[in-house]
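# Commentary on secondary and tertiary structure
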Amino acid sequence: MQYRTLGRTGVQVSSLALGAMNFGAIGRTTQDEATAIVDAALEAGINLIDTADMYSGGGSEEMVGKAIAGRRDDIVLATKATMPMGDERNHRGSSRRWLVTALDDSLRRLSVDHVDLYQIHRWDPSTSDEETLSALTDLQCAGKIRYFGSSTFPAYRIVQAQWAAREHRLSRYVTEQPSYSILQRGIESHVLPVTEEYGLGVLVWSPLASGWLSGAIREGREIATHRSTFMPQRFDTAIPSNRARLDAVERLADIADEAGLTMIQLALGFVTAHPAVTSAIIGPRTLDHLHTQLAAAGTVLPADVLDAIDAIVAPGTDLAAHEKFDTPPALLDPSLRRR
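The model shown is predicted, which means the values in this text are computed figures rather than measured ones.

Here is what the cut-offs are and how they apply
- Residues numbered from 1 in each chain as written.
- Predicted model: local features only at pLDDT ≥ 70, side-chain atom pairs only at ≥ 80, totals over all residues.
- Heavy atoms only, no water.
- Core = buried A, V, L, I, M, F, W, Y, C linked by side-chain atoms within 4.5 Å.
- Buried < 20%, exposed > 50% of the residue type's maximum accessible area, 1.4 Å probe, protein only.
- Contact = heavy atoms within 4.5 Å.
- Helix = DSSP H or I, 4+ residues; strand = E, 2+ residues; numbered from the N terminus.
- Polar contact = N/O pair within 3.5 Å; in protein donor to acceptor, adjacent residues only side chain to side chain.
- Pairing = 2+ DSSP bridges.
- Right-handed = clockwise from strand over helix to strand, strands pointing away.
- Axes fitted to C-alpha atoms, helices over the stretch in contact; angles between N-to-C directions.
- Phe/Tyr/Trp six-rings, centres within 6.5 Å; stacked < 30°, edge-to-face > 60°.
- Salt bridge = Lys/Arg side-chain N within 4 Å of Asp/Glu carboxyl O.

### Here's the deal with the nonpolar core
- Counting 87 residues, the largest nonpolar core has Leu 183, Leu 252 and Leu 266 as the members making the most contacts within it.
- Dropping the residues within four chain positions of it, Leu 252 is found in contact with Ile 182, Leu 183, Leu 213, Met 263, Leu 266, Ile 309 and Ile 312.
- Judged by nonpolar contacts, the second largest core, of 9 residues, contains Leu 6, Leu 48, Val 76 and Ala 78.

Written as structure tokens, this is what we have:
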């Protein structure tokens, strides 16, 4: 396992991080299975575990808490808030009122007295940067969080938050967690240059592109991955963007074969090769999934392989741009771009 410094914090984290989104109802993972996955990940050298309050309605945090009991100090523990936690209109967002409550709820579920990294899961347009950063700074001063970061923020919002922290003399976001894979490279043109400019650690999610790069999806095979069962529109090859992804996967598979690599090694080796990326978050649902992904921990792709990938999916290109989560709201809601 390789280790890298998380931004400018001085904290050393593994180049692969364990994502716990599949723990609980989402991945139909039991506590025993989740604990076995955590055990194997830690044994392999992973020291960063990432979860969120909304994963399985808090179930993921509870499972992580039980799995890490007795070894908390050896783990860099990260969680998130902002996404809806029920129907109550104020049980979401990035207001001081909610973040204070959400963090206490997360600490209770995780059975810890602090988290190392507390992340704002999505940018909240209804809350000012000063409001959010002030609350996070106070939670940091109270010892409940060590650092805080953003997740899937548009590049301009990352910049705005950095300036707001400076202007109001508040602590700043030290990490960003964007979606990044061979098939979704848009952040190379806007987000990653900004994170490098401000010295942010970058923890990328979905490096296997929701399973497209797992090796299980190929031309002529029925697509029957776990993700495809509840998000079928993302895997319907009659849709042009999905067809483009499948075509790219077939060409990438040839590159992997020629290099003697699995598709997972190619995919994870690609995202961890970017100098702006600190860690790639893997989200195994089973022990078998974990072991196939751990096999990529030491993968270093040579220049000719990286060049061949560039020839298939150009740098800065998203093959499914409509699936991005950092699109400015006005591009999605016509009422926001009409006077």
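### Some points on the side chain of Gln 177
- With respect to the secondary-structure elements, Gln 177 resides in strand β8 (residues 175-177).
- The exposure class assigned to Gln 177 is buried, which follows from its relative accessible area of 2%.
- A polar contact of 2.7 Å, which involves the side chain of Gln 177, links it to the side chain of Gln 119.
- Setting aside its immediate chain neighbours within four residues, Gln 177 contacts Asp 50, Lys 80, Gln 119, Ser 150, Ser 151, Thr 152, Leu 203, Trp 205 and Ile 281.

### Structural notes on the pairing of strand β5 (residues 76-81)
- Among the 6 residues of β5, 6 are classified as buried, and the element is accordingly described as predominantly covered.
- Examined bridge by bridge, strand β4 (residues 48-50) and β5 share 3 bridges and lie parallel to one another. Looking at β5, one finds that Leu 48 is bridged to Val 76.
- Handedness of the crossover is the feature at issue here: the chain leaves β4, passes through helix α2 (residues 59-67), returns alongside β5, and the resulting connection is right-handed.
- In terms of strand pairing, β5 meets strand β6 (residues 115-120) through 4 bridges, oriented parallel.

### Observations concerning the sheet that holds β8
- Spatial strand order, β3-β4-β5-β6-β7-β8-β9-β10: 8 strands in a closed barrel with parallel pairing. Going from strand to strand, the sheet's axes swing by 30 degrees on average, the running direction of each strand aside.
- Across 3 bridges, the pairing between strand β3 (residues 16-19) and strand β10 (residues 279-282) is parallel. Residue pairing across strands places Leu 16 opposite Ala 280, the latter belonging to β10.
- Strands in contact with helix α4 (residues 129-141) are β6 and β7 (145-151); relative to β7, the strand with the most contacts, it is inclined by about 155 degrees.

### A short note on the environment of Leu 332
- In this structure, Leu 332 sits in helix α12 (residues 329-332).
- Other than its neighbours up to four places away in sequence, Leu 332 contacts Thr 327 and Arg 337.

### A short note on the packing of aromatic side chains
- Using the criterion set out here, one finds 4 aromatic pairs in the structure.
- On the basis of an interplanar angle of 80 degrees and a centroid distance of 5.7 Å, the ring pair of Phe 153 and Tyr 173 is categorised as edge-to-face. You can see Phe 153 sitting in the loop between β7 and α5 (155-167) and its partner Tyr 173 sitting in the loop between α5 and β8, a full 20 residues away along the chain. Tyr 173 shares its class with Phe 153; the two are buried.

### Some thoughts on unusual backbone geometry
- Even without being a glycine, Thr 82 presents a positive backbone phi close to 125 degrees.
- With respect to the helices and strands, the residue Thr 82 is situated in the loop between β5 and α3 (96-110).
- Given a relative accessible area of 7%, Thr 82 falls into the buried group.
- Even without glycine at this site, Ala 209 takes up a positive phi of about 55 degrees.
- Secondary-structure assignment places Ala 209 in the loop between β9 (201-204) and α7 (226-230).

### A look at the pattern of salt bridges
- Per the stated rule, a full pass over the model turns up 14 salt bridges.
- Where Arg 72 meets Asp 116, a salt bridge forms, and the shortest distance between an N and an O atom there is 3.0 Å. You can see Arg 72 sitting in the loop between α2 and β5 and its partner Asp 116 sitting in strand β6, a full 44 residues away along the chain.
- Accessibility expressed as a relative area gives 14% for Arg 72, which makes it buried.
- Relative accessible area serves as the criterion here: at 15%, Asp 116 is assigned to the buried category.
- Across the salt bridge formed by Glu 323 and Arg 245, the nearest N and O atoms sit 2.8 Å from each other. Highlighted residues: Glu 323 in the loop between α11 (303-312) and α12 and Arg 245 in helix α8 (residues 240-259), separated in sequence by 78 residues.

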